[in-house]
Amino acid sequence: SLNPAGQATNPRQEELEEVKEEAPSSTTTTTTSTTTTTTTSTTPNYERIVGRLHVRFDAEERKKALIRVHKLLSSSSSGSSSLVDELVEVGVVPLLSRFLTDTKVLAGCQMEAMWCLANLASGSSASALHILPLAPYFISILSSPNAVMRELAALALGNLATEGDNTLHTLLSN
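Described below are features of the structure shown in this document. (Residues numbered from 1 in each chain as written. Predicted model: local features only at pLDDT ≥ 70, side-chain atom pairs only at ≥ 80, totals over all residues. Heavy atoms only, no water.)

## Considering the side chain of Asn159
Mapping Asn159 onto the fold places it in helix H9 (residues 147-161). Residue classification places Asn159 among the buried residues on the basis of a relative accessible area of 18%. Among the polar contacts listed, one links the side chain of Asn159 to the backbone oxygen of Ala118, at a separation of 2.7 Å. Apart from the residues lying within four places of it in its own chain, the contact partners of Asn159 are Ala118, Ala121 and Ser122. (Helix = DSSP H or I, 4+ residues; strand = E, 2+ residues; numbered from the N terminus. Buried < 20%, exposed > 50% of the residue type's maximum accessible area, 1.4 Å probe, protein only. Polar contact = N/O pair within 3.5 Å; in protein donor to acceptor, adjacent residues only side chain to side chain. Contact = heavy atoms within 4.5 Å.)

In C-alpha cells:
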C-alpha cells in the first residue's frame, strides 16, 4: 500500500503504529553538572489495551482490543518473554479465557483468543503457570469440529509441555 506521500508502506508497521496510538509518551530528563539529556520513548500501554477486553465494553470494542493483543504478540520477536510477562501481569489471561467460554462473543473472537493464549503459553515458565489452569479446556478443544481451534489447542498444550516435568505431569493428569 502507499502512504499519502505516495511511498510504499509496510502493513506490519501500520499495525504497530495503530497499537502505538494507545501509548502515552514518557519523557525522562537526566541532568549532570555539565549536561542535560532528555529521552522520549513511546511504549504501548498494555493495561489500557488489555482493560478493553473487559466485559464492560461493547463487543466491537472488545474485539478491537483482542486484535491489538494479537498484533502485539505477533509483532514481538518470537513471542518475547518480556512482552508475554507484561501482558500476563496486567491480567490478560483471565480476560482471554472468557472469550473461550462466552457464547455471546463475536465471530472469530474465540479463535483470536485461542491464538493469543497459545502464544502466551510459549513465554516464561512463570507466565506458563498462568495458562496451565486452562489445560482442561484446551484438551476439550482437541475434539472440536473446528480444525484451526484444534491446532491452536495442540500448540498451547505443546508450549506448556516444554515448561518442565511438573507442568508436563499436570498436563498428563488431565
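## So, helix H6 (residues 109-120)
Taking 1.5 Å as the rise per residue, H6 with 12 residues should run 16 Å; its terminal C-alpha atoms sit 16 Å apart, in good agreement. Among the structural elements, helix H3 (59-75), helix H4 (81-89), helix H5 (92-101), helix H7 (125-131), helix H8 (135-141) and H9 are those in contact with the buried residues of H6. (Expected span 1.5 Å × (residues − 1).)

## Considerations on the packing of H3 against H6
In contact at an axis separation of 10 Å, H3 and H6 are set at 35 degrees when each is read in the N-to-C sense. When you trace H3 past H6, the crossing you get is left-handed. Taken together, the residues of H6 that come into contact with H3 (itself represented by Lys63, Leu66, Ile67, Val69, His70, Leu73 and Ser74) are Cys109, Glu112, Ala113, Trp115, Cys116, Asn119 and Leu120. Along the lines of polarity and charge, the residues of the contact of H3 with H6 split into 9 nonpolar, 3 polar and 2 charged. (Axes fitted to C-alpha atoms, helices over the stretch in contact; angles between N-to-C directions. Left-handed = near helix turned anticlockwise from the far one by under 90°. Nonpolar A, V, L, I, M, F, W, Y, C, P; charged D, E, K, R; others polar.)

## Quick look at the packing of aromatic side chains
Any aromatic ring pair is given by two values, namely how distant the centres are and how the planes are angled relative to each other. As enumerated under the stated definition, the model contains 0 aromatic pairs in all. The residue whose ring lies beneath Arg62 is Phe99, and the NZ or CZ to ring-centre distance is 4.5 Å. (Phe/Tyr/Trp six-rings, centres within 6.5 Å; stacked < 30°, edge-to-face > 60°. Lys NZ or Arg CZ within 6 Å of the ring centre and 35° of its normal.)

## What about the environment of Val69?
Locating Val69 in the fold gives a position in helix H3. In the structure, Val69 is positioned 43 residues away from Glu112 in sequence and 9.2 Å away in space, judged by C-alpha atoms. Apart from the residues within four sequence positions on either side, Val69 is in contact with Ile49, Val50, Leu53, Val92 and Cys116.

## Some thoughts on the packing of H9 against helix H10 (residues 165-173)
Orientation of H9 relative to H10, taken along the N-to-C sense of each, is 140 degrees, at an axis distance of 8 Å. Judged by the inter-axis angle, H9 sits oblique to H10. Packed against H9, whose contacting residues are Leu157, Leu160 and Ala161, the element H10 presents Thr167, Leu168 and Leu171 at the interface. Per-class residue counts for the contact of H9 with H10 are 5 nonpolar, 1 polar and no charged. (Parallel < 35°, antiparallel > 145°, perpendicular 65-115°, else oblique.)

## A closer look at the nonpolar core
Nonpolar side chains in soluble globular proteins generally cluster together in the buried interior. Membership of the largest hydrophobic core comes to 42 residues, with the highest contact counts inside it found for Leu53, Val92, Leu96, Met114, Leu117, Leu120 and Phe138. Every element with two or more residues in this core is listed here: helix H2 (46-51), H3, H4, H5, H6, H7, H8 and H9. Broken down by element, the residue count for this core peaks at 7 residues, all from H6. Look past the residues within four positions of Leu96 in its chain and what remains in contact with it is Leu53, Leu66, Ala113, Cys116, Leu117 and Leu120. (Core = buried A, V, L, I, M, F, W, Y, C linked by side-chain atoms within 4.5 Å.)

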